[in-house]
Structures are given as C-alpha cells and as structure tokens.
Amino acid sequence: MESEIPIETKKRKSKTPQKAKESLLKQKSPAEFFAENKNIAGFDNPGKCLYTTVRELVENSLDSAESISELPVIEITIEEIIKSKFNSMIGLVDRERIDEALYDDYETAKAREKRLAKEARAQELQAKNAALGKKVKEHAVSKGAKGRGEASFYRVTCKDNGRGMPHDDIPNMFGRVLSGTKYGLKQTRGKFGLGAKMALIWSKMSTGLPIDISSSMRGQNYISFCRLDIDIHRNIPHIHLHEKRGNKDKWHGAEIQVVIEGNWTTYRSKILHYMRQMAVITPYAQFLFKFASDTPDKNVTIKFARRTDVMPPVPVETKHHPSSVDILLIKRLIAETSKQNLLQFLQHEFVNIGKPLAERLIGEMGPEFSPKMAVKSLTDQQIVRIHQLFCQAKFDDPSGDCLSPAGEYNLRLGIIKELHPDMVATYSGSAQVFEGHPFIVEAGVSVGGKAVKQGLNIFRFGNRIPLLFEQGGDVVTRTALKRISWNNYKINQTQDKIGVFVSIVSTKVPFKGTGKEYIGDDISEIASAVKSAIQQCCIQLKSKIVKKMQAREQQERKRNLSKYIPDATNAVYDVLKEMAKPHASKKKCYEEGDADILRKVSDHSITKETLHEKLTQHVEKVDYEMALEYATQTGVREEPREDIYLQSLDGKGKFFDFHSPIFVFRLFL
C-alpha cells in the first residue's frame, strides 16, 4: 500500500492542467522605436538634437513654399530658457540644495585645496613670464568640480509662407510617426519622413511639453491652432487643444513652436554653417535667423537676403524602373494597382515599358503567363519569375525629368552671394542612372572669397540640403582630395582659397551610415559623375586664371620696358645731338630721311620729350601685340567676359523664363 501511494499521487499530478505560459513576444510602436533609437534620426546628444530640430523645420518650410511655387520667406528663432524660467513654465518650484554631497558637482575639501594650489602655481608662472617680457596667455579660471552641468532648454520657432495644412490633418501629421505626405518615389529633402515628429518625440522625452502648431491655407479666413504631444506607446496624437482662430491678415503657411533640451554653445557654428549653406543652395529664399538670450552678448540676428526669384521646378513623383524593384515592392504594386490584367499592369506601373516591350516580356516569362491574365491572381512563384526577368532584361534608362536640381544659375548666384569669390565656375551634368534611379550632379568651384580658409573647402549637398557631418568618407571629399590634379588647372591646392560645391539630386540618394550624413564612395557611377563635374569647373577656371596670369605678365613687361625709357631717351638724344653738329655732318653724308631727323634735332623740333613720348607709344604697341599673340596661342579670347547680374522686376504679369547656365532671360507678356 505504501508503495502505491506515491504512484497514485504522481498520476494525479500529471492529470492536473498546467497554467498556460504568457507569451514572451512584445511589440513596439514606430514612435517607441525611434524614441529608443533617436540617434538614427540625428538626435544623438542635446547639441545635435537642437541642430537637427532646426534642420527639419527649415526643410519642411522650404518644401511647403516650393510646392505652391511661392518664393520662401522663413523665420527661425531659438530662444534660450534658463532653468528657473523653465521650471516656472511647468509649474515646478525651485528648491535649495540640502545635501550638497549628493550632487555630481560637489567638491571635497581636498579637491578644492588641490585646485587652488594649481591655480596659484599657474598665476606665479604667468607673473614670471610677464616679467621676462614673454607673451602671456590668459589663465583659464577653473570651474571647480567637474560635473554634468545643468540642462539648457530652448524654444525653437519656425514660421513660413508655404502651403499650410488642412485643419483635420494636423494631429496625424505631427502626432503619428511614419505618416506623411512625402512618401512615394520622388526627390525629397527628408531622409526618413519623420520631419518635425522626431522633434516632438525629443520634446516629450526632454521637457514633457507639447508642440504648438499654427497653420492656414491660401484663401482660408481662419488659422488652425493645435497643441499636442504624442502617445509614444500607441503612436497616436494626444491633443490638448485644437481650434480655429481669426485670420485678418490673410496669412498662409505654418508656424511651429517646440521647447526642447539642447546645447547652443557646442553646436552654434554647425547651425550657422547650415543656414549659410542653405542660403547658397537656395538663393531664391529669404531666411531670418535669430538667437535670443537673457545675456545680450550671446544674441545673434542674421538675415540671408534673396538674390533671385528664379525657382527650380517642383520635383515630380515618378513610377518605378523595372531594374530598381524587389519582390516585396512588386507585390505591393500588384495589391495597389487598379489595372486588371498583366499587360496593363506592366505598361502603367513601370517606366520605360511600352506595349510592345510588355508583350515581349510576357512571352519570355513562360507558357503560364498571358497578357490577359488577371494580375491579382499571380502566385508567389510567378512574381519571383517576373522579378528575375526584370533583373536580367535590358531596359532604357529612366529620364531625369522628374528631378529638380538647383540649376547652374542658382548655384552660381548662391556662391557669389555668400562667399564673394574672385572667380567661380559651375557645371550641371546630364541625368545618369544607378540601380534604376536617375541622378544629376551639379558642381561649382570658386577661388578666393571671404570667410574661406586656405586649401580645399568642401560643401556637400544631397537633394538640396547641406551635409555637414562625416565628411571624410564622402564621395565628394575623396574625389576632391585624391582624384583631381589641381596643379594641372593652375590652382594651388594648399595656398589658394578653394571652394568645392557639389550637389547630388536623385529619387534615391545612397546615403551611408545610420545618420545618413554622407554619400558613399563605392558607387562608381556617382564617383565618376562627381569627378567629371569638378573637372569641367576646373577647365573653366583654368582659362580665367591664365587670362589673369597674362594680364599680370603684361603689366610686368610694361613695367620693365618703361623703367628704361628715360635712360634710353637721354642716350639716343645725346647721340642725335652730337651727329647734328656741323663738323660731324661734313665728315659723313646721311640719307635724306636721316638728314631730316638731324635737321629737326638742330631746330629743336625733336626734343627729349618727343623721344620719350614716341618710346612710350612703341612700348604700348609692342606689349599689346605680344599679349595678343600669347592669348591666341593659349586659346584665351582677347576681350574679357564679365558676369552681369540684373535685379529682378517686381512685375506680377505673365512671363516666360529662358534658362542659361550664366543668365536667365525673362520675357514679360
């Protein structure tokens, strides 16, 4: 009996139903993912967060204004908020420290004694150097114990004159990650499609404050005002206030205001460089940048004035090229298409596939395919077959008509406006292709100018936005440093002030790295196009440099010849005077012409002044003939060509623009 009890118990235990284990799988919303991996979107640290917020807001404003062909007017303001002011904004009362040793910046008595001794030694050394007459550096005042320091907060406001946003769409446009108007195959300034949403996420993480949006569209008699933040875990907007307000001034555009933690001190130069380079690539825009602080010395106000009213065309959404699609994309296109059969699907969902080519492709796919078969009935195996054929077949390259480069005219104007170089050359290449995506490379090279350092100064742009980080690995940097023989173009790479500007636009810019801050050097098509564009600029500059060298040499020759005119005049006149004496003329008979000269010397019709004048005229003539011969041999035109820029008219009438690399001719009707 005793031996059976455990067996009975064991059986009962085995029959008892076990409690189901909870699933270990967890899900994250898109907002939660980007909040935890904010460095992907360029929000690495407080300083970079401030820079990226400014960048996102400015680029959104430019896109908005350009979409309605409105010349952009953008005001960006950064207002510094000290900790006490921030605490009062959120209703938090400042408290004095009770336990000093609890804080990171606490300095022990021993550390303080050591610091003071170090300061005393430094001051003593400074006094000795001053007594010996040596140059004395100002001793930096020690700040005590090293700590993390207090956080700095900033209110960033961006106002534009763009399209504005529909009243009902504002909450989802700002409070739902991965929802927006820029998705689709076309050239866009954005890198992830996050826009101001990431600034809102950072605001919620660092300050907990909502974002304020004011917006109005053309013709609306009201302004939409929305105050909201984002539910990170559910990826939905949390609306605090959403209402319509009066619009007496008939303003249209958007004004966005967000309070975030940041660091102006470390990223001041980056933000100002960004604004300056944006003014270079968009000279048709007007920017007003302000930084406001309670400390007047820190205040900054910079206006980047508009130089032209010629805008690039708006980028056009295009269809996919067959060589650029994958299996997943083909499935999505099939699910979204309104076409019924395979023939219509191939014709209308892809570029460069006409009816004859579509029929040939279907015939090559196999007997199970037919032009009239329902495209929705394609199996996974059949879709794979289509993809394989797309990868192997030969298609015409896509055109660059869907792209919107800045244009040589605008690039040249931007460089001249911001850098004031001694000379500049620009070049815009034709559309080329990589992996089925069209791209255009534009370049500008300048020599001289203000605020330009000696050597190479490289300015990079991707889809008309400045790229300021990770310059070393970029295709533009590597090409300019290693693949261009600057000496061949009469340019000194180390001594001259050289500006290299390269802009690449495409439906898919091949950024590298998580931050998408540089374009890799591993795509041969882009590397070759960048090198060719820079070389074309250098060829233009070489002719200008040779022309300046010719003018310099001409002046040097004239100076050397003119230096000997007085001595030559005295010597020749003394000889002629001696020959004109009566006793000299009896010894030798002269020809009629020579005798006439000697007679004029005797009569004082020819004087030293006359000889001086004639010699000067001869030097001028010889110098001009030598310069003309030199110019003919080197291929430089005799007459210099100067660039002239005319101010645009304020007329509101209809007109046509005729574009050239160096000018735009506007015909008013």
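Naming follows an unreviewed UniProt entry, where the chain appears as DNA topoisomerase 6 subunit B of Hibiscus trionum. We quote the UniProt Sequence similarities (unreviewed entry) comment for the chain here in full: "Belongs to the TOP6B family."

## Notes on the overall build of the chain
A count of helices and strands for the chain gives 19 helices and 18 strands. Taking all 669 residues of the chain together, 42% fall into the buried category. At a minimum sequence separation of 6, the contacts of the chain that also span at least 24 residues come to 74%. Here the chain has roughly 38800 Å² of accessible surface; of this, 51% comes from carbon and sulfur atoms.

## Focus: the confidence of the model for the chain
Keep in mind that low pLDDT regions are not for reading the predicted coordinates in detail. Looking at the chain as a whole, its pLDDT mean stands at 82, while 83% of the residues score no less than 70. The least confident element of the chain is helix 1 (residues 4–15), whose mean pLDDT is 47; the most confident is strand 7 (residues 286–292), at 95. Every residue in residues 1–11 scores below 50 in pLDDT, and together they form 0 contacts with partners more than four places removed in sequence or on other chains. When the criterion is pLDDT under 50, residues 636–642 qualifies, and its contacts beyond four places in sequence or with other chains add up to 9 contacts.

## As for the nonpolar core
The nonpolar side chains of a soluble globular protein tend to be buried with one another. Of all hydrophobic cores here, the largest spans 68 residues; its most connected members are I78, F174, W264, F287 and F289. The biggest single contributor to this core is helix 8 (residues 264–281), with 10 residues. Ignoring anything within four residues of it in the chain, the contact list for F174 reads M165, A196, K197, L200, I211, I213, L228 and I256. Within the second largest apolar cluster, 36 residues are counted, among which are A425, F511, A527 and V530.

## Considerations on the sheet that holds strand 4 (residues 222–231)
Whenever strands of a sheet pair, they do so through backbone hydrogen bonds, lying parallel or antiparallel. Pairing within the open sheet is mixed, and its 8 strands lie in the order 5-4-3-6-2-1-7-8. Sheet topology places strand 5 (236–246) and strand 8 (300–304) at the edges, where each strand pairs with a single neighbour. Neighbour-to-neighbour, the strand axes of this sheet turn through a mean angle of 15°, independent of strand direction. Note: strand 3 (residues 211–216) against strand 6 (residues 253–262), 5 bridges, orientation antiparallel. By the bridge assignment, S215 is partnered in strand 6 with A254. Packed on one face of the sheet, helix 7 (residues 197–206) meets strand 2 (152–159), strand 3, strand 4 and strand 6 and runs near 40° to strand 6.

## What to know about the pattern of salt bridges
Tallied over the entire structure, the rule returns 21 salt bridges. When the shortest N-O distance is used, the salt bridge between R155 and E79 registers 2.8 Å. Remark: E79 occurs in strand 1 (residues 73–81) and R155 occurs in strand 2; sequence separation between them is 76 residues. Among the salt bridges present, the one from D380 reaches K331, with a minimum N-O distance of 3.5 Å. In this pair, D380 is assigned in helix 12 (residues 380–392) and K331 in helix 9 (residues 327–336), connecting sequence segments 49 residues apart. Several salt bridges converge on common partners, so that one network encompasses R55, E56 and E59.

## What to know about a positive patch on the surface
On the surface, a cluster of positive charge is contributed by K110, K114, K118 and R121. Judged by relative accessible area, which is 54%, R121 ranks as exposed.

## A closer look at helix 3 (residues 46–66)
Relative to the 30 Å expected for 21 residues at 1.5 Å per residue, helix 3 spans 31 Å between its end C-alpha atoms, a close match to the ideal helical length. By the criterion of burial, helix 3 is predominantly enclosed, with 19 of the 21 residues buried. Between the side-chain oxygen of the N-cap and the backbone nitrogen of G47 there are 3.1 Å, and the N-cap of helix 3 in question is N45.

## Considerations on helix 13 (residues 408–419)
Between the first and last C-alpha of helix 13 there are 16 Å, a value that for 12 residues agrees with the 16 Å anticipated at 1.5 Å per step. Listing the buried residues of helix 13 in full gives E408, Y409, N410, L411, R412, L413, G414, I415, I416, K417, E418 and L419. Just past helix 13, the residue H420 takes up positive phi, approximately 50°.

Rules of the game
- Residues numbered from 1 in each chain as written.
- Predicted model: local features only at pLDDT ≥ 70, side-chain atom pairs only at ≥ 80, totals over all residues.
- Heavy atoms only, no water.
- UniProt positions renumbered as here; feature names shortened; annotations may be inferred.
- Helix = DSSP H or I, 4+ residues; strand = E, 2+ residues; numbered from the N terminus.
- Buried < 20%, exposed > 50% of the residue type's maximum accessible area, 1.4 Å probe, protein only.
- Contact = heavy atoms within 4.5 Å.
- Areas by Shrake-Rupley, 256 points an atom, 1.4 Å probe, with all protein chains shown as cover.
- pLDDT = per-residue confidence, 0-100.
- Core = buried A, V, L, I, M, F, W, Y, C linked by side-chain atoms within 4.5 Å.
- Pairing = 2+ DSSP bridges.
- Axes fitted to C-alpha atoms, helices over the stretch in contact; angles between N-to-C directions.
- Salt bridge = Lys/Arg side-chain N within 4 Å of Asp/Glu carboxyl O.
- Patch = residues over 30% accessible without salt bridge, like charges linked within 9 Å, V, L, I, M, F, W, Y side chains within 5 Å.
- Lys, Arg positive; Asp, Glu negative; His and termini not counted.
- Charge placed at Lys NZ, Arg CZ, Asp CG, Glu CD.
- Expected span 1.5 Å × (residues − 1).
- Polar contact = N/O pair within 3.5 Å; in protein donor to acceptor, adjacent residues only side chain to side chain.

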